[in-house]
Amino acid sequence: MNDTPVITCSHVTKTFVTEAEQLTILHDISFEVPCGRTVSITGPSGCGKSTLLSLLGGLDRPTHGTIFIDGFSVHDTSETELARFRSEKLGFIFQFHFLLKDFSALENVMMPHLILYGNRQQARNVARELLGIVGLENRMHHYPDQLSGGERQRVAIARALINKPKVVLADEPTGNLDENNAGIIETILLETIRQFDTTLLLVTHDSDFAKKTDIQFRIHEGNLFTL
Ligand SMILES: Nc1ncnc2c1ncn2[C@@H]1O[C@H](COP(=O)(O)OP(=O)(O)O)[C@@H](O)[C@H]1O
Ligand SMILES: [Mg+2]
């Protein structure tokens, strides 16, 4: 862990233009996140949390402003370069797991590594290790529909970490889980992120979960506040 920012977001504004109106969701947002920190973002439904994560992940572009992740200009790079950047430097975890239903837990976790490096044996070894870390050594050959909701999210965490990303973006990763499973996922996520010295940006509506991160942001009326 050091103080070099891995994320630098400067004067970011996002306006959606629809037929009826122009909606400015994020107004002139600026923040930095040092390497290896965990960050939570809370705020009322519809305030722009997922929009901000999409901008940071290069899934959408800001209307104004700049975003650098690990020195890479996410806001103005070509789609091809962005795709490579995402697979090398970012991990994504969503509320819904997005596991491929025709592939086992092991194959799902291997996939991003296999796509990036093309080495099946190596991908399998790293995936096995990660599934062990998230406590699924006995579920590697299960298919998504043979796993519980909490187990599927553990697979999603392992998949997000397989390429040793600089930053993991997690959008309501416990949003679909009961309290007990949510607690298990919280612990596993925060522990594995710290173990890998990765930076986490976590969107959650659960204020207790949010308080467990090193840095806590809140979005209110398009502005970002540090809590
Ligand atoms: N592609 C889009 N076009 C128009 N409006 C959008 C689009 N995506 C999101 N919005 C609007 O932006 C606001 C913020 O959405 P979102 O970031 O998903 O909120 P949150 O994740 O905080 O609940 C919402 O009012 C939503 O309707
Ligand atoms: Mg959202």
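Above this note sits the structure.
Residues numbered from 1 in each chain as written. Chains lettered and ligands numbered in written order. Predicted model: local features only at pLDDT ≥ 70, side-chain atom pairs only at ≥ 80, totals over all residues.

Caption draft 1: The overall build of the chain, seen in detail. When you go through the chain residue by residue, the secondary structure sums to seven helices and 10 strands. Against the compact-globule benchmark of 17 Å for 227 residues, the chain has a radius of gyration of 17 Å, which places it among compact chains. Taken across its 227 residues, the chain has 39% of its residues classed as buried. (Helix = DSSP H or I, 4+ residues; strand = E, 2+ residues; numbered from the N terminus. Rg over C-alpha atoms; globule rule 2.2 N^0.38 Å. Buried ≥ 20, exposed ≤ 12 C-beta atoms within 10 Å, placed from the backbone.)

Caption draft 2: Quick look at helix α5 (residues 149–161). Over its 13 residues, α5 runs 19 Å from end to end, which matches the ideal 18 Å to within 8%, given 1.5 Å per residue. Buried residues dominate α5, accounting for 11 of its 13 residues. Residues of α5 that are buried: E151, R152, Q153, R154, V155, A156, I157, A158, R159, A160 and L161. Here the buried face of α5 lies against β6 (90–93), α3 (105–117), α4 (120–133), β7 (167–171) and α6 (179–195). (Expected span 1.5 Å × (residues − 1). Contact = placed C-beta atoms within 7 Å.)

Caption draft 3: Representation of the environment of S104 in the model. Turning to its location among the elements, S104 is positioned in the loop between β6 and α3. Residue S104 is classed as buried on the basis of its C-beta count, with 20 C-beta atoms lying within 10 Å. For the pair S104 and H142, spaced 38 residues apart in sequence, the C-alpha separation works out to 5.3 Å. Once residues lying within four places of it in the same chain are set aside, the contact partners of S104 are M140, H141, H142 and Y143.

Caption draft 4: Inspection of the pairing of strand β4 (residues 64–69) at higher detail. Here strand β1 (residues 5–17) pairs with β4 via five bridges, running antiparallel. Within the sheet, the bridge partner assigned to S10 lies in β4 and is T66. The sheet contact formed by β4 and strand β5 (residues 72–73) spans two bridges and is antiparallel. Across the sheet, F68 pairs through a bridge with S73, a residue of β5. (Pairing = 2+ DSSP bridges.)

Caption draft 5: Representation of the site of ligand 1 in the model. Residues in contact with ligand 1, as listed here, are F16, T18, L23, I25, G43, S45, G46, C47, G48, K49, S50 and T51. Breaking the shell around ligand 1 down by element, the ones donating at least two residues are β2 (22–34) and α1 (49–56). By residue number, the principal contributor to the shell around ligand 1 is α1, which donates three residues. The class makeup of the residues in the shell around ligand 1 is four nonpolar, seven polar and one charged. (Near = placed C-beta within 6 Å. Nonpolar A, V, L, I, M, F, W, Y, C, P; charged D, E, K, R; others polar.)

Caption draft 6: A look at the sheet that holds β5. Ordered in space as β2-β1-β4-β5, the four strands form an open sheet in which the pairing is antiparallel. Of all strands in the sheet, those with a lone pairing partner are β2 and β5, marking the two edges. Running at roughly 120° to β1, α1 makes contact with β1, β2 and β4 of the sheet. (Axes fitted to C-alpha atoms, helices over the stretch in contact; angles between N-to-C directions.)

Caption draft 7: Focus on the packing of α3 against α4. Here α3 crosses α4 at 135°, and the two axes come no closer than 8 Å. In this view, α3 runs oblique relative to α4, as classed from their interaxial angle. In terms of crossing hand, the pair formed by α3 and α4 is right-handed. Seen from α3, the contacting residues are A105, L106, V109, M110, H113, L114 and Y117; seen from α4, they are R120, Q122, A123, R124, V126, A127, R128, L130 and L131. The residue inventory of the contact of α3 with α4, partitioned by class, reads 11 nonpolar, two polar and three charged. (Parallel < 35°, antiparallel > 145°, perpendicular 65-115°, else oblique. Left-handed = near helix turned anticlockwise from the far one by under 90°.)

Caption draft 8: Examining the pairing of β1 more closely. Taken together, the nine bridges between β1 and β2 define a ladder with antiparallel strand orientation. Residue pairing in the sheet places T15 in a bridge with T24 of β2. Hairpin geometry of β1 and β2 is characterised by an intervening segment of four residues between the two adjacent antiparallel strands.

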